[in-house]
Amino acid sequence: MAYELILTRTEGKVGIVTLNRPKQLNALNNELMDELGAALKAFDADENIGCMIVTGSEKAFAAGADIGAMATYTFSDVYKGDYITRNWETIRSIRKPVIAAVSGFALGGGCELAMMCDFIIAADNAKFGQPEVKLGIIPGAGGTQRLPRAVGKSKAMDLALTGRMMDATEAERSGLVSRVVPLDKLMEESLGAALMISDYSQLAVMAAKESVNRSFEGTLADGVMFERRMFHAMFATADQKEGMDAFVNKRKASFGNK
Ligand code: DAK
């Protein structure tokens, strides 16, 4: 499929999507979100891909939903068209891991998109925020729900109510991002993590992702039971036999994803 607003490429078993509306700081419109969803779904279905990275430009991961496109929307436009839900959350249905490699601005819908990924690696110039209040709206793509789960109520309230940005150091300190790296090492570090993940059993990786996601969606007891059953299920896979045999015999495991 030919894309206009994103670039796609692969590095080994890693599928990389680069948001590519540089003049608009990667502002997210419907077309871009359709393309992003299609690209991620294609990588997810590709047996040769084990992990994905979503990234932007040095200046902006994404500066939010496209304000120009939204400016004249009415309630009936967004409600009838199921704005956001229709195509923004495709990323949540992706079963293989998706890493957000964030440099520059990740604001509004851009911050929400990064939070929909499985974890965030940030360059030291990254800036995160939910500035929607300045536009007379509130976050609409999960920001009021995922941000407090990541950084706690007080900081989430601070960000959503003042609209201020937080830098990469504050984002790491508060748990929004997993690592901060120098800007010129962002892709190297992200790719290193993605290649490492891609070498593991896809079954184990997908089960781990599904189990961690469960921790945000139910009670602790339900989550632990879900994890336990997934853990038990791993013993039905050839990859478990391979992984443990490789350890016992001091050799590198070679997973067949079976
Ligand atoms: N949309 C459209 N264009 C944008 C944009 C955006 N979000 N952000 C930047 N641009 C464009 C600018 O208009 C400018 O275009 P030209 O004037 O060159 O044509 C170009 O990108 C460069 O931007 P600046 O000249 O402003 O660059 P600076 O370095 O001076 O400033 C900035 C960078 C990121 C601080 C600034 O551009 C900025 O404040 N941008 C807006 C950030 C923002 O407010 N983002 C939140 C958007 S609201 C919903 C669900 C979700 C959402 C909405 C509804 N529903 C369920 C209904 C989500 C909403 C949002 O994300």
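The structure displayed is predicted, hence computed values, not measured ones.

**Q** So what about the packing of aromatic side chains? Which residues, and what values?
**A** Counted under the stated rule, the structure contains 2 aromatic pairs. Ring centres of F75 and Y79 lie 5.2 Å apart, and the angle between their planes is 15 degrees; this geometry places the pair in the stacked category. Taken as a pair, F75 and Y79 lie in helix α3 (residues 75-80) at a separation of 4 residues, close to a single helical turn. Note on F231 and F235: the rings are 5.3 Å apart at their centroids and 75 degrees apart in plane angle, and the pair reads as edge-to-face. For F231, a relative accessible area of 48% gives the class partly exposed. Using a relative accessible area of 39% as the deciding quantity, one classes F235 as partly exposed. Taking the ring centre of F226 as reference, the NZ or CZ of R214 above it sits at 4.2 Å.

**Q** Give a detailed account of the nonpolar core, specifying residues and quantitative values.
**A** L19, F61, V102, I120, F128 and L176 are the most contacted members of the largest nonpolar core, which totals 47 residues. In terms of residues, this core owes the most to one element, helix α1 (residues 30-45), which gives 6 residues. Contact partners of L19, with chain neighbours within four places excluded, come to L5, I6, N26, L28, L32, L36, V54, T55, G56, F61, A62 and L113.

**Q** Residue-level account of the sheet that holds strand β6 (residues 105-107), with values.
**A** Within the open sheet, the 4 strands sit side by side as β4-β6-β8-β9. Their pairing is mixed. Unpaired on one side and paired on the other, β4 (60-62) and β9 (165-167) mark the two borders of the sheet. Along the sheet, successive strands turn relative to each other by an average axial angle of 20 degrees, direction set aside. Sheet topology places β6 next to strand β8 (residues 127-129); 3 bridges connect them, and they run parallel. Of the residues in β8, the one forming a bridge with F105 is K127.

**Q** Go over the sheet that holds strand β10 (residues 179-181), please, and point to the residues and values.
**A** The strand order across the open sheet formed by 6 strands is β1-β2-β3-β5-β7-β10, and the pairing between neighbours is mixed. One side of each edge strand has no neighbouring strand; the edge strands of this open sheet are β1 (6-11) and β10. Recorded for the sheet is a direction-independent mean angle of 20 degrees between the axes of neighbouring strands. Bridging between β1 and strand β2 (residues 14-19) involves 6 bridges; their strand directions are antiparallel. Each bridged residue has a counterpart across the sheet, and for E11 the counterpart in β2 is V14.

**Q** Pulling in residues and values, what's your account of a negative patch on the surface?
**A** On the surface, E58, D124, D184 and E188 cluster together into a negatively charged patch. With respect to the element layout, E188 can be found in helix α8 (residues 186-199). In this structure E188 comes out as exposed when scored by relative accessible area, which is 56%.

**Q** Kindly report on the site of the ligand, identifying the contributing residues and their values.
**A** Close to the ligand lie 24 residues; K59, A63, A65, I67 and G109 are nearest. Contact between the ligand and I67: a nitrogen atom at 2.9 Å from a main-chain N or O atom of the residue. In isolation the ligand has 1100 Å² of accessible area, and contact with the protein removes 61% of it. Listed by contribution, the elements that provide at least two residues to the shell around the ligand are α2 (67-70) and β6. For the shell around the ligand, the per-class residue count stands at 15 nonpolar, 5 polar and 4 charged.

**Q** Tell me about the packing of helix α5 (residues 143-151) against helix α6 (residues 153-162), and name the residues and values.
**A** Put simply, α5 and α6 touch, their axes get as near as 7 Å, and they point 135 degrees apart. By the angle class used here, α5 and α6 are oblique. The handedness of the crossing between α5 and α6 is right-handed. Here L147, P148 and V151 of α5 come into contact with α6, specifically with K153, K155, A156 and L159. The class makeup of the residues in the contact of α5 with α6 is 5 nonpolar, no polar and 2 charged.

Definitions and limits used
- Every chain is numbered independently, its residues counted from 1 as its sequence is written.
- Only residues with pLDDT of at least 70 are given local features in this predicted model, and only at 80 or more are side-chain atom pairs given and counted; all residues enter the totals for whole chains, interfaces and linings.
- To get the side-chain values, take all heavy atoms of the structure and skip hydrogens and water.
- For Phe, Tyr and Trp, rings pair up if their centres lie within 6.5 Å, where Trp contributes its six-membered ring, and each pair is then called stacked (planes under 30 degrees apart), edge-to-face (over 60) or tilted (otherwise).
- Only DSSP runs of H or I reaching four residues or more are called helices, and only runs of E reaching two or more are called strands; each is numbered from the N terminus.
- Exposed residues in this analysis have more than 50% of their type's maximum accessible area, buried residues have under 20%, and partly exposed residues fall in between, with area computed by a 1.4 Å probe over protein chains only.
- Our definition puts a charge over a ring when NZ of Lys or CZ of Arg is within 6 Å of the ring centre and also within 35 degrees of the ring normal.
- The definition of a nonpolar core used throughout is a set of buried Ala, Val, Leu, Ile, Met, Phe, Trp, Tyr and Cys residues joined through side-chain atoms within 4.5 Å.
- Whether two residues are in contact is decided by their heavy atoms: any pair within 4.5 Å suffices.
- The pairing criterion for strands is at least two bridges between them, as found by DSSP.
- Lines fitted to C-alpha atoms define the axes, with helix axes restricted to the stretch in contact, and inter-axis angles between N-to-C directions lie between 0 and 180 degrees.
- Here, patches come from residues exposed beyond 30% relative accessible area and free of salt bridges, joined within 9 Å for like charges and within 5 Å for nonpolar side chains (Val, Leu, Ile, Met, Phe, Trp, Tyr).
- Here the open area of atoms and residues is found with the Shrake-Rupley method and a 1.4 Å probe, where only the protein chains shown may cover a residue.
- Salt bridges, as used here, are contacts in which a Lys or Arg side-chain nitrogen is within 4 Å of a carboxyl oxygen on Asp or Glu.
- Asp and Glu count as negative and Lys and Arg as positive, but His and the ends of the chain are not part of the count.
- For the purpose of locating charges, the reference atoms are NZ of Lys, CZ of Arg, CG of Asp and CD of Glu.
- If even one non-hydrogen atom of a residue comes within 4 Å of a molecule or strand, that residue is called near it.
- For this analysis, a polar contact is any N or O atom pair within 3.5 Å, provided that within protein one partner can donate a hydrogen and the other can accept it, and provided that sequence-adjacent residues contribute only side-chain to side-chain pairs.
- We call Asp, Glu, Lys and Arg charged. Ala, Val, Leu, Ile, Met, Phe, Trp, Tyr, Cys and Pro are nonpolar, and the rest, Gly among them, are polar.
- For classification purposes, an angle smaller than 35 degrees is called roughly parallel, one larger than 145 roughly antiparallel, one from 65 to 115 roughly perpendicular, and anything else oblique.
- Left-handed describes a crossing whose near helix is turned anticlockwise from the far helix through less than a right angle; right-handed describes the clockwise counterpart.

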